Amino acid sequence: MTAEEIKKKDSEYIMHTYGRFDIVLDHGKGATLWDADGKKYVDLTSGIGVNSLGHGNPAIVNAVTKQAEKLMHASNLYYTEPMVSAAEKLVTATGMGKIFFANSGAEANEGAIKLARKYSFDKYGEGRNTIVTLIQSFHGRTVTTLKATGQEKFHQYFFPFTEGFAYAKANDLADVTAKADKTCCAVMMEMIQGEGGVLPLNKEFVQGVAKFCKENDILLIVDEVQTGIGRCGSLFAYEQYGIAPDIVTMAKGLGGGLPIGGVLAAKSCADVMGPGTHGSTFGGNPVSAASANVVLDTVMKPEFLKEVEEKGAYIKEKVLGFHSPAVKNVRGMGLMLGIIVDPEKRAGYVAKLMEKGVLVLTAGTDAIRLLPPLVITYEEIDQALEAMKGVFES
Ligand SMILES: *Cc1c(COP(=O)(O)O)cnc(C)c1O
């Protein structure tokens, strides 16, 4: 099929829920992508933070191929090795208790919400089920996680939504403690609000919330779906905030391109979800888990994480060094960065970058969001920076 045919069939047969960029992607290698017409791009998106080890990674391709030949799917009625290995790595590295595997970020957050509510129900009975989330957060697209998302624009059309959410201002401890009343069982937050605009929380706030939660037996859920698995220069971003969450959710980067998510629970609440309380047919699928094992073996090395941090700092410094009033700021940690620009001009910059062969994302109203594969090379980074310099300085 030609690119034109693909686009035509897409518009004819696929629901129009996405505003797609006008590119038909064909293949990739590392942080470089090629479209159906052979045009080359530096990929600063990694499929929204998913292809953490880049495109066509030989170790991932090898692990996935081998596992597909051996056993593609087993369901959770049986034991399988790849899932257990990935679980052991995540639990051991974090000092948490146990993990539940799901397929996506929204599904992981649904699991975390269920776990928090059951923990409270088991201990205190009915009526203690509110989950406080932050304004500008994003937690997913299911009916429940839409309501968990602290942005009014997501609370439309699909009524009735799941009850039991309250919203507090980010970086405002007094607002969190006011919203977390006697009915509260958990606080859920992202360390850097990704979709909300690459907005990092400040350390004092996060530590204040963690302390308040501990004192009141309120579970602290950290949504690491976007920030986790090495993205911010540590296995999980919360490590850099010096806190110990009760529940950590993950997805995007974990499978290196295949769908897998997880709900990691601290020892104190690891056994809340007993037999029959939760499930997922595909969750922890052997092929996805085999890929996750390669990702984890790679990103859990301190040298690798240090490189992520260094590459991020390099990009930040270079972009802030452009002689351009177009760049107002650069926010973020590791390889999760937001270049802050005039909201009116943002779409134009993104289009020009695409023209020059650089793919970027947006977030919030004013951020050009960069989530490159963690293995992006300095050569690829420099190619992207040169194009950006041209676009922002013109
Ligand atoms: C992307 C994202 C989600 C939703 O993940 P899906 O895999 O699309 O369901 C949830 N939380 C955060 C922080 C995200 O960035």
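For clarity, every value in this text was computed on a predicted model and none was experimentally measured.

Peer 1: It is not clear to me how the domain arrangement of the protein should be interpreted in this structure. Could you clarify?
Peer 2: Many descriptions give the size of an interface as the accessible area lost when the pieces come together. When cut into domains, the protein gives domain 1 (3–57 + 302–392) and domain 2 (71–299). For domain 1 versus domain 2, the distance between C-alpha centres works out to 26 Å. Contact residues are listed per partner, giving 26 residues for domain 1 and 28 residues for domain 2. Between domain 1 and domain 2 lies a buried interface of about 2200 Å² when both sides are counted; carbon and sulfur atoms form 64% of it. Considering only the surface of domain 1 that becomes buried against domain 2, L305, M333 and M336 emerge as the three largest contributors, covering 32% of it. Here domain 1 is connected to domain 2 by 1 salt bridge. The salt bridge partner of R369 is E195, with a shortest N-O separation of 3.0 Å. Our count for the contact surface shared by domain 1 and domain 2 stands at 10 residue pairs in polar contact (both at pLDDT 80 or more).

Peer 1: Just checking my understanding: could you explain unusual backbone geometry for this structure?
Peer 2: With the exception of glycine, the majority of residues adopt a negative phi angle, and the majority of peptide bonds are in the trans configuration. Each neighbour pair has its own omega, and for F159 with P160 the value is -5 degrees, a cis peptide bond. You can see P160 is positioned in the loop between α6 (143–148) and β6 (165–168). Look at S46: it is not a glycine, yet its phi comes out positive at around 40 degrees. A positive phi angle is found at V198, which is not glycine, with a value near 55 degrees. As for its placement among the helices and strands, V198 is situated in the loop between β8 (192–193) and β9 (199–200). According to the relative accessible area criterion, V198 is buried, its value standing at 0%.

So, how was this worked out
Residues numbered from 1 in each chain as written. Predicted model: local features only at pLDDT ≥ 70, side-chain atom pairs only at ≥ 80, totals over all residues. Heavy atoms only, no water. Domains from an automatic or database assignment. Contact = heavy atoms within 4.5 Å. Buried area = accessible area lost by both parts, 1.4 Å probe. Salt bridge = Lys/Arg side-chain N within 4 Å of Asp/Glu carboxyl O. Polar contact = N/O pair within 3.5 Å; in protein donor to acceptor, adjacent residues only side chain to side chain. Helix = DSSP H or I, 4+ residues; strand = E, 2+ residues; numbered from the N terminus. Buried < 20%, exposed > 50% of the residue type's maximum accessible area, 1.4 Å probe, protein only.

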